[in-house]
Amino acid sequence: MEGSYFSTLTTLMTLIVFATYMNQCSASRPIPTETNTQFIKTSCGVTTYPELCFSSLSSYANEIQTSPKVLASTALSVALTTTRSTSEIIAKLYKSQGLKPKEAAALSDCVEELSDSVDELEKSIEEMGNAGGKSFGLQMNDIQTWVSSSLTDEDTCLDGFIGNGNVKNTVGNQIVNVAQMTSNALALINSYAATKNLN
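Report on the accompanying structure. Model, not experiment: these values are computed from the prediction.

Basis of the calculations
Residues numbered from 1 in each chain as written. Predicted model: local features only at pLDDT ≥ 70, side-chain atom pairs only at ≥ 80, totals over all residues. Heavy atoms only, no water. Buried < 20%, exposed > 50% of the residue type's maximum accessible area, 1.4 Å probe, protein only. Helix = DSSP H or I, 4+ residues; strand = E, 2+ residues; numbered from the N terminus. Arc of directions from axis to C-beta. Disulfide = S-S within 2.5 Å. Axes fitted to C-alpha atoms, helices over the stretch in contact; angles between N-to-C directions. Parallel < 35°, antiparallel > 145°, perpendicular 65-115°, else oblique. Left-handed = near helix turned anticlockwise from the far one by under 90°. Contact = heavy atoms within 4.5 Å. Nonpolar A, V, L, I, M, F, W, Y, C, P; charged D, E, K, R; others polar.

## Re helix α2 (residues 34-43)
Along α2, the residues that are buried comprise Asn36, Phe39, Ile40 and Ser43. Projected onto a plane normal to the axis of α2, the buried residues spread over an arc of 95° and lie on a single side. In α2, the exposed residues that point more than 90 degrees away from the buried face are Glu34 and Thr42.

See below:
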């Protein structure tokens, strides 16, 4: 009888330890709450491309929670990552064989425009992380200017391509995605700035 009691007690203690361990594991990797996900979905409503906005940001729901600032910063980071990878793709395309001189020149310009775009997005992210230093209005004005310039650079990338060749179509598809991401980031920055100005 006594052995049975200790066996039951040992099993119970093992279950408690296991349950505690599982709780700690789930605490270290929280599942996105419906509130956080809904916040992103609602916030993306101010963007021109809400579906892209939500699909690109929803996986960061735990980090974003319900913070407009973190949402805007995350959108900037996603835009930067997309711009960098697109820049690499276009740089490789520029080095490929069989390009017409005009295509090569347009690709070269495009690589340069995207490099500028990356710089502007990096400055924006750095400024978003700088608390204080300058007034909030000036800070947001700088960020909005840089992200707008980044968007202009991305649009300018396509200007050098004439006609409807394969190169233009390939570049166009890449740039459209980058420009939409950047446009969404700008909309969320504007929304964050407006929220802070109301407080």
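After that view of the structure, there is still more to cover.
## Topic: the state of the cysteines
The final tally for this structure, using the stated rule, is 2 disulfides. The disulfide bridge from Cys44 ends at Cys53, spanning 2.0 Å between sulfur atoms. In this structure, the disulfide formed by Cys44 and Cys53 twists by about -70° around the S-S bond and is classed as left-handed. Here the two residues Cys44 and Cys53 agree in accessibility, since each one is buried. Note on cysteine connectivity: Cys110 is disulfide-linked to Cys157, with sulfurs 1.6 Å apart. Here the S-S torsion is close to -65°, and the disulfide linking Cys110 with Cys157 is therefore left-handed. With Cys110 in helix α6 (residues 101-129) and Cys157 in helix α7 (residues 136-159), the pair connects residues that are 47 residues apart, well separated along the chain. Comparing Cys110 with Cys157 shows no difference in burial state: the two are buried.

## Here's the deal with the packing of α6 against α7
Following both chains from N to C, one finds α6 and α7 inclined at 160°, their axes separated by 8 Å at the closest point. Between α6 and α7, the angle falls in the class roughly antiparallel. You can see that α6 and α7 cross each other, and the crossing is left-handed. For the pair α6 and α7, contact is made by Cys110, Glu113, Leu114, Asp116, Ser117, Glu120, Leu121, Lys123, Ser124, Glu127 and Met128 and by Gln139, Met140, Ile143, Trp146, Val147, Ser149, Ser150, Asp153, Glu154, Thr156 and Cys157, respectively. The residue inventory of the contact of α6 with α7, partitioned by class, reads 9 nonpolar, 6 polar and 7 charged.

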